[in-house]
Structures are given as structure tokens and as C-alpha cells.
Amino acid sequence: MGLCSGSIPWFTMMVVHKRSKLLQQVDDTMAVLHTHAIAGSLGGILTGLFSEPHLCYLFYGYPAKYMGLFAGLHHGHKQSIRYGVRQMGVQLLGILFVIVLNVVMTSLVCLFIQLFVPLRMSDEDMEIGDEAAHGEEAYAIWGQGERLENSRYSNYNDIEVPSKAGGGSVELT
């Protein structure tokens, strides 16, 4: 399970995402789809496949009634196979519930936030990049970045500049 939970999300992020035109249209800068949705769904499916009856007994308290699909197939009884298939159904239903819950709640939160601030920058500001949003160049190393004094979005320009009033005081702008 550990080998799959690390390698499959990485493969979907590094290979499948770059080849899929649909996934390239999704604005997923932090790779949340791959690190949470793919990995979480994979964990649920693999748990339904590999769960052991002894460990399920510790959780549920019923002997040999809950088991993974592979354990049910290994026992070979019709009832054991049915229990394994049922556990896979429970796992898939749980994954579906989490997906629906996330879509609904994220949509509600975004609609609420959109009442106060725009969720996306304009195309013009997207082309400019971090200078439009924060008033500075991204990844400027050793003071090479230029800072714009009149950034459109940033209210937190905390560079100390000499005060216009004089007298040796410092004003934060």
C-alpha cells in the first residue's frame, strides 16, 4: 500500500497531468488533486482490497464479518467473498461521499468569498504576474527584484522609507 500511495499520485502528477488536455485546463498550482484526491481515493480502495479480518474485528467487534476483497477471495467461501465485495462497496461509497461533500462545501465557500473579493485576477494582471498582485518580482534573489510602490492589490508594503516630514523619523508605507 505504501509503494502505491507514493508512486501512483506522483505518476498522475508528473506524467498523466502533462499528457491530459483536460487536467491541464484545471488551475491546480499546488497539485491538490494528486496529493489529496488521488492519494485519498487510492488509500480507500486499497483498504477495501487488503483489510484483514482480524484487524476489522478489532475495529467493528464482529468476527469474520468484515474483511477486504482479497481476504474474502482467499477464504473462498461464498459468504466471505460477499463480505469482501461489501467492504469494497463501503469504501467506494465513502470516497463518493467525500468527493460530493468537498465539491459542495468548496463551491459554497467560493461563492461566499466572491461576494467580497474576486476569485481570479484579470487576464492582464495574470500576464504581469506577482508584480501586479504583490508589487514585487517573484523569486528575486539578493535584492535583484524591483518593488513597485503603487501596487494595485497590496496594502502591506512594509518597506521603511524616510518620512516626508523629516526630523529623522521613519514611516512605514
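Here, every reference points to the structure presented above.
Residues numbered from 1 in each chain as written. Predicted model: local features only at pLDDT ≥ 70, side-chain atom pairs only at ≥ 80, totals over all residues. Heavy atoms only, no water.

S.K.: Any chance you could explain the overall build of the chain here in plain terms?
M.R.: When its secondary structure is counted, the chain shows eight helices and two strands. The contacts in the chain between residues at least 6 apart in sequence include a share of 25% that link residues at least 24 apart. (Helix = DSSP H or I, 4+ residues; strand = E, 2+ residues; numbered from the N terminus. Contact = heavy atoms within 4.5 Å.)

S.K.: What's the story with the packing of aromatic side chains in this structure? I'm lost.
M.R.: For any pair of aromatic rings, geometry is given as the distance between the ring centres together with the angle between the planes. Overall, the coordinates contain four aromatic pairs when judged by the stated rule. Between Phe112 and Phe116, the ring centres sit 5.2 Å apart and the planes meet at 75°, which makes this aromatic pair edge-to-face. The class of Phe112 is exposed, set by a relative accessible area of 52%. An aromatic cluster is present here, built from Phe59, Tyr60 and Tyr66 joined pairwise through their rings. (Phe/Tyr/Trp six-rings, centres within 6.5 Å; stacked < 30°, edge-to-face > 60°. Buried < 20%, exposed > 50% of the residue type's maximum accessible area, 1.4 Å probe, protein only.)

S.K.: What is the right way to read the packing of helix 3 (residues 32-50) against helix 6 (residues 78-114) from this model?
M.R.: The relative placement of two packed helices comes down to the angle between their axes together with the axis-to-axis distance. Contact geometry of helix 3 with helix 6 gives a least axis separation of 8 Å together with a crossing angle of 165°. Taken together, the axes of helix 3 and helix 6 are roughly antiparallel relative to one another. Note that helix 3 runs across helix 6; the crossing there is right-handed. Taking contact as the criterion, the partners of Ser41, Gly44, Ile45, Thr47, Gly48 and Leu49 in helix 3 are, on helix 6, Gln87, Met88, Gln91, Leu92 and Ile95. Looking at side-chain class alone, the contact of helix 3 with helix 6 contains five nonpolar, six polar and no charged residues. (Axes fitted to C-alpha atoms, helices over the stretch in contact; angles between N-to-C directions. Parallel < 35°, antiparallel > 145°, perpendicular 65-115°, else oblique. Left-handed = near helix turned anticlockwise from the far one by under 90°. Nonpolar A, V, L, I, M, F, W, Y, C, P; charged D, E, K, R; others polar.)

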